[in-house]
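Breakdown of the fold
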Amino acid sequence: MKNFVKALVFIGVGIAPVLSIVLSVWARELPESIVRIMVLDKVSSLEVGSGGQFEIFDLNTGRKKTIEHLETCSVSVSSEGMTIGAEDWSGMARLIPLGDALLSLNGKKYRDTLLFKKVGDNQITVINELGIDHYLYGILPKEVDADWPMESLKSQAVVSRTFALKNLKRHEQDGFHFCSKVHCQVYGGVNGEEENTNRAVDETHNQVITYHGDLINAVFFANCGGKTEEPANSWLTSGSPPYLRSVRCKVCKGDPFSAWRKKLTQKQIAEALRKNGRIISLPIRTISILSYGRSGRAKFLSIQHAEGQLKVMASHFRMWMGPETVRSTYLQSLRKVQGEFLFAGRGWGHGIGLCQDGARGLAQKGKKYKKIAQYYYPGTQVEEWEY
Ligand SMILES: [Zn+2]
Ligand SMILES: [Zn+2]
């Protein structure tokens, strides 16, 4: 942690007071083990606090100030930049906690540093800059239940670390690595942390999943219902890497999430299709499965309606209807009952990569986390990664 703070202070020193130069130098010299998470997006004011000593560093002017303790104070936009408490700063300031202090933002605690950036005339975006394991502390409890067996928590830790490192560029244009929402991985800061998931992160420090020396695309989902799927059969991708192939999974079948049923009215279906640019005319006569993926998941659906036929990818149909509504494309039956469509299926999620309920089941049977990862990503290795 000391090195981390040193690196941050060093990066700012001697940088010319021109925002674009600061940004480019910052981006270039940022140690790769530090990730930047956007935690507040374009707000007009916010509250910041700290349980102990911290430093404010102005990236445009180079001015530094150490503050001993701060209950909370408000941060708002000023014509020159921003006001933190009663003091004016430029439009770019980093708050660096010293010692064991943690900064808080609107009452939520965050590890490591916070970067305040003025955006446009009257808004502020806040980016939490932190070590990757500290980031994983904040996301793991959102992905798994901390009461699960330790080996399954460790398999999720290497999966989430690999996923993060592989996707560092997804917000490249925005000036940070990840948002804190479902789009990336949900990140809740310190408040959501759990002892067991933190331990799983610590015990797998630096470990990632690779295929022939490269980071894999470590996709995962809740429950496969018996068999995982290949990406080409579910998403419109250019191909399926060899480690994302369909595997049998016997251990998640008895789980409450392994089977589901849902009724949708014709109006609901037509409305959801319309919102996604697909116009059909009621009544819907039939919905049938045109083709299947390797696991038995529906690949294409045909919707026969009053004025013709619409062919859609089942995975798109699922997202349009709502991934919580049509939980998977692993449909066991699709029937019209009294004018409504009854969907019954297995599993929850897209079905590609690691099945989380399966990982838990394998851990309960005594499998170690590396073997669990290798089971769902065949042909891969779990190894130390230099970053
Ligand atoms: Zn995102
Ligand atoms: Zn499974």
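Calculation criteria
Residues numbered from 1 in each chain as written. Chains lettered and ligands numbered in written order. Predicted model: local features only at pLDDT ≥ 70, side-chain atom pairs only at ≥ 80, totals over all residues. Heavy atoms only, no water. Donors = N, O, S within 2.8 Å, 3.2 Å for Na, K, Ca; no water. Tetrahedral: all angles 85-135°; square planar, octahedral: opposite > 155°, others 65-115°. Buried < 20%, exposed > 50% of the residue type's maximum accessible area, 1.4 Å probe, protein only. Pairing = 2+ DSSP bridges. Helix = DSSP H or I, 4+ residues; strand = E, 2+ residues; numbered from the N terminus. Axes fitted to C-alpha atoms, helices over the stretch in contact; angles between N-to-C directions. Contact = heavy atoms within 4.5 Å. Salt bridge = Lys/Arg side-chain N within 4 Å of Asp/Glu carboxyl O. Parallel < 35°, antiparallel > 145°, perpendicular 65-115°, else oblique. Left-handed = near helix turned anticlockwise from the far one by under 90°. Nonpolar A, V, L, I, M, F, W, Y, C, P; charged D, E, K, R; others polar.

With that out of the way, let us pick up the coordination of the zinc ion (ligand 1). Coordination of the zinc ion (ligand 1) by the protein is provided by His 171 (NE2), Cys 179 (SG), His 183 (ND1) and Cys 184 (SG), with metal-donor distances spanning 2.0 to 2.3 Å. Taken together, the four donor atoms surrounding the zinc ion (ligand 1) define angles of 100 to 122° at the centre, an arrangement classified as tetrahedral. Each donor residue of the zinc ion (ligand 1) belongs to the same chain, with the gaps between them written as H-x7-C-x3-H-C. A relative accessible area of 5% places Cys 179 in the buried class.

Take the sheet that holds strand E21 (residues 331-337) next. Each strand in a sheet pairs with another by means of backbone hydrogen bonds, the pair being arranged parallel or else antiparallel. Read across the sheet, three strands follow the order E17-E22-E21 without closing on themselves; strand pairing throughout is antiparallel. This sheet does not close on itself; its edge strands, each paired only once, are strand E17 (259-264) and E21. In this sheet, neighbouring strand axes are inclined to one another by 15° on average, regardless of whether the strands run parallel or antiparallel. Sheet topology note: the E21/strand E22 (residues 340-346) ladder contains six bridges and is antiparallel. What sits directly across from Leu 334, in E22, is Phe 343. Sheet strands in contact with helix H6 (residues 266-275) are E17, E21 and E22, and its direction is about 90° off that of E17.

Under the counting rule described, the total for this entry stands at 11 salt bridges. Close ionic contact of Glu 87 with Arg 63 constitutes a salt bridge, the shortest N to O distance being 2.9 Å. Here Arg 63 lies in the loop between strand E3 (54-58) and strand E4 (64-67) and Glu 87 lies in strand E7 (residues 87-89), a separation of 24 residues in the sequence. The class for Glu 87 is partly exposed, based on a relative accessible area of 25%. Judged by its relative accessible area of 34%, Arg 63 is partly exposed. In this structure, Arg 161 and Asp 133 form a salt bridge, with 3.1 Å as the shortest nitrogen-oxygen distance. Highlighted residues: Arg 161 in helix H4 (residues 150-166) and Asp 133 in helix H3 (residues 132-143), separated in sequence by 28 residues. Comparing Arg 161 with Asp 133 shows no difference in burial state: the two are buried. Bridged by salt links that share partners, the residues Glu 151, Lys 154, Arg 199 and Glu 203 form one connected network.

To continue, consider the packing of H3 against helix H5 (residues 195-203). Remark: H3 packs on H5, axes separated minimally by 9 Å, with the N-to-C direction vectors making an angle of 140°. On the basis of the axis angle, H3 is oblique to H5. Considering how the two elements wind past one another, H3 and H5 form a crossing that is right-handed. Each of Asp 133, Leu 136, Tyr 137, Leu 140 and Pro 141 in H3 lies in contact with H5, whose residues at this interface are Thr 197, Asn 198, Ala 200, Val 201 and Asp 202. Tallied by class, the residues present in the contact of H3 with H5 amount to six nonpolar, two polar and two charged.

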